[in-house]
Amino acid sequence: MTSRGSTGPAAEIDVLLVEDDEGDVIMIREAFEQRQPGARLHVVNDGIEAVAFLRRADGYTDAPRPDLILLDLNMPRMDGREVLAEVETDPALTAIPIVVLTTSGAPEDIARSYTLYANAYITKPTDLDDFMTIVGKIDEFFGTTVTLPT
């Protein structure tokens, strides 16, 4: 994991993408490759896999601690709200920034995500260019602007 200041160059970061839509995974991967080729994007398809990755269990014993989590809310088995609740209760994970990136713009989803300590909530744009722009802004902010915890 790398810590960066707001004036330093982009450094390699580990990003955990929790997303069940393969098309969104492809777009997010392309956006990160264009903007920050050094970012290591780790993809899991649901909340159960995300929790296993974060706790280094069930086949993820060598998983890195992510510098950032991009979390979809609507997934099978364990949804993003449940992942937020799990992270909230684990002191070893609470310092990892979480950006909810989802199709839901429902006020109750937004309020609940922030109540569960999401750091940001972004509704996925339907336009491809807008989607790529949003992912680029997330990458720029967390990849070069903020100082991430070590």
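See the structure shown above.
Structure report, in brief. Please read these numbers as outputs of a predicted model, since none were measured by experiment.

## Some details on the overall build of the protein chain
Looking only at helices and strands, the protein chain features 5 helices and 5 strands. For 150 residues, the compact-globule estimate of 2.2 N^0.38 gives 15 Å, and the protein chain sits close to it at 14 Å. Across its three principal axes, the protein chain shows a C-alpha extent of roughly 35 × 35 × 25 Å. Scored against the burial criterion, the 150 residues of the protein chain give a buried share of 47%. For the protein chain, the share of sequence-separated contacts (at least 6 apart) that also reach a separation of at least 24 residues comes to 68%. Element-wise, carbon and sulfur atoms account for 51% of the exposed surface of the protein chain, whose accessible area totals about 7,200 Å². Computing the positive centroid from 12 side-chain charges and the negative centroid from 27, the protein chain places the two 5 Å apart.

## Points about the packing of helix H1 (residues 22-35) against helix H5 (residues 128-145)
Contact geometry for H1 and H5: axes closest at 9 Å, N-to-C directions at 55°. As the angle between them shows, H1 and H5 are arranged oblique. In this structure, the crossing between H1 and H5 has a hand that is right-handed. Each of Asp24, Met27, Ile28, Glu30, Ala31, Phe32, Gln34 and Arg35 in H1 lies in contact with H5, whose residues at this interface are Leu128, Phe131, Met132, Val135, Gly136, Asp139 and Glu140. Counted by class, the contact of H1 with H5 contains 8 nonpolar, 2 polar and 5 charged residues.

## Focus on unusual backbone geometry
Non-glycine residue Arg77 carries a positive phi angle of around 65°. Along the polypeptide, Arg77 turns up in the loop between strand E3 (68-71) and helix H3 (80-88). For Arg77, a relative accessible area of 57% gives the class exposed. Positioned with a positive phi, Tyr117 is a non-glycine residue whose angle comes to about 75°.

Scoring rules and cut-offs
- Residues numbered from 1 in each chain as written.
- Predicted model: local features only at pLDDT ≥ 70, side-chain atom pairs only at ≥ 80, totals over all residues.
- Heavy atoms only, no water.
- Helix = DSSP H or I, 4+ residues; strand = E, 2+ residues; numbered from the N terminus.
- Rg over C-alpha atoms; globule rule 2.2 N^0.38 Å.
- Buried < 20%, exposed > 50% of the residue type's maximum accessible area, 1.4 Å probe, protein only.
- Contact = heavy atoms within 4.5 Å.
- Areas by Shrake-Rupley, 256 points an atom, 1.4 Å probe, with all protein chains shown as cover.
- Lys, Arg positive; Asp, Glu negative; His and termini not counted.
- Charge placed at Lys NZ, Arg CZ, Asp CG, Glu CD.
- Axes fitted to C-alpha atoms, helices over the stretch in contact; angles between N-to-C directions.
- Parallel < 35°, antiparallel > 145°, perpendicular 65-115°, else oblique.
- Left-handed = near helix turned anticlockwise from the far one by under 90°.
- Nonpolar A, V, L, I, M, F, W, Y, C, P; charged D, E, K, R; others polar.

Everything listed here is a matter of geometry and, on its own, says nothing about what the molecule does.
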